[in-house]
Amino acid sequence: MDERARRLSDLLHEAGEVHHVVYRITDGADDDWASFYADWLIDHSELPEALGGAPTRSHLVHELVESERAFAAAAPPARWEDFYADRIVARFG
């Protein structure tokens, strides 16, 4: 995992914490979670700086959803944040 992926992993973790606070009434349940994460990552985090530019919102939503599917299928030993970060950096970095 390179430095950009580590930084992005930290941002994904932070986004998850913010999401859980915002959706505390539903215990974090949100069928449109990827849109929330994409909005937060692009507009309220250092993601654009980490990647050298902001991906389009729709492309990031798509990558988040595909990362979730791939993570579930692979069941890797890594944290989800690390897995997603590697994929996002590979696609957008």
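Residue numbers run consecutively from 1 along every chain, following the written order of its sequence. Only residues with pLDDT of 70 or above have their local features reported here, since the model is predicted, and side-chain atom pairs are shown and tallied only from 80 upward, although totals for entire chains, interfaces and linings are computed over all residues. Hydrogens and waters are ignored; side-chain quantities use all the structure's heavy atoms.

Engineer: Just to check I follow, could you spell out the overall build of the protein chain for this structure?
Structural biologist: Under the DSSP-based scheme used, a helix requires at least four consecutive residues in state H or I and a strand at least two consecutive residues in state E, with every element numbered from the N terminus. A count of helical and extended segments in the protein chain gives five helices and zero strands. Listing every helix and strand of the protein chain by position from the N terminus yields α-α-α-α-α. Values of the radius of gyration come from C-alpha atoms, whereas the globule rule sets the reference at 2.2 Å times the count of residues to the power 0.38. Computed over C-alpha atoms, the radius of gyration of the protein chain comes to 12 Å, within 12% of the 12 Å expected from 2.2 N^0.38 for 93 residues, which places it in the range of a compact globule. Along the first, second and third principal axes, the C-alpha atoms of the protein chain reach 35 × 30 × 20 Å. By residue count, 38% of the 93 residues in the protein chain fall in the buried class. Contacts are assigned to residue pairs with any non-hydrogen atoms lying within 4.5 Å of each other. Of the contacts made within the protein chain by residues no fewer than 6 positions apart, 57% connect residues no fewer than 24 positions apart. Throughout, the Shrake-Rupley method with a 1.4 Å probe supplies accessible areas, and for residues the shown protein chains are the sole cover considered. A total of about 5300 Å² of accessible surface is found on the protein chain, and carbon and sulfur atoms cover 51% of it. In this tally Asp and Glu are treated as negative and Lys and Arg as positive; neither His nor the chain ends contributes. Where a charge lies is defined by one atom per residue type, namely NZ (Lys), CZ (Arg), CG (Asp) and CD (Glu). In the protein chain, 9 positive and 19 negative side-chain charges are present, and the distance between their average locations comes to 4 Å. Only protein chains enter the accessibility calculation, which uses a 1.4 Å probe; a residue whose area is less than 20% of its type maximum is buried, one above 50% is exposed, and one in between is partly exposed.

Engineer: Sorry if this is basic, but what is going on with helix H5 (residues 80-92) here?
Structural biologist: Residue pairs three or four apart in sequence face the same way in an α-helix, which turns once every 3.6 residues. The first and last C-alpha atoms of H5 sit 18 Å apart over 13 residues, in line with the 18 Å expected at 1.5 Å per residue. Buried residues along H5 sit in contact with helix H1 (3-22), helix H2 (33-44), helix H3 (47-51) and helix H4 (57-74). Helices are assigned an expected span. That span is 1.5 Å times one less than the residue count.

Engineer: Help me understand the environment of Ala72, please; the structure alone is not making it clear to me.
Structural biologist: Along the chain, Ala72 falls in helix H4. Overall, the relative accessible area of 61% leaves Ala72 in the exposed class. Separated by 71 residues in sequence, Ala72 and Met1 have C-alpha atoms that sit 20 Å apart.

Engineer: It is not clear to me how the side chain of Glu63 should be interpreted in this structure. Could you clarify?
Structural biologist: With respect to the helices and strands, the residue Glu63 is situated in helix H4. In this view, Glu63 contacts Arg87, Ile88, Arg91 and Phe92; residues no more than four positions away in its chain are not counted.

Engineer: Just to check I follow, could you spell out the pattern of salt bridges for this structure?
Structural biologist: Think of it this way: side chains of opposite charge can pair up when their charged atoms draw near. By definition here, a salt bridge exists when the distance from a side-chain nitrogen of Lys or Arg to a carboxyl oxygen of Asp or Glu is within 4 Å. Within this structure, the stated rule accounts for nine salt bridges. The closest approach of N and O atoms between Arg4 and Asp2, which form a salt bridge, is 3.7 Å. One salt bridge in this structure joins Arg57 and Asp43, with 3.6 Å as the shortest N-O distance. Here Asp43 lies in helix H2 and Arg57 lies in helix H4, a separation of 14 residues in the sequence. Relative accessible area serves as the criterion here: at 35%, Arg57 is assigned to the partly exposed category. Each member of the salt-bridge network shares a partner with another, and the members are Asp39, Asp43 and Arg57.

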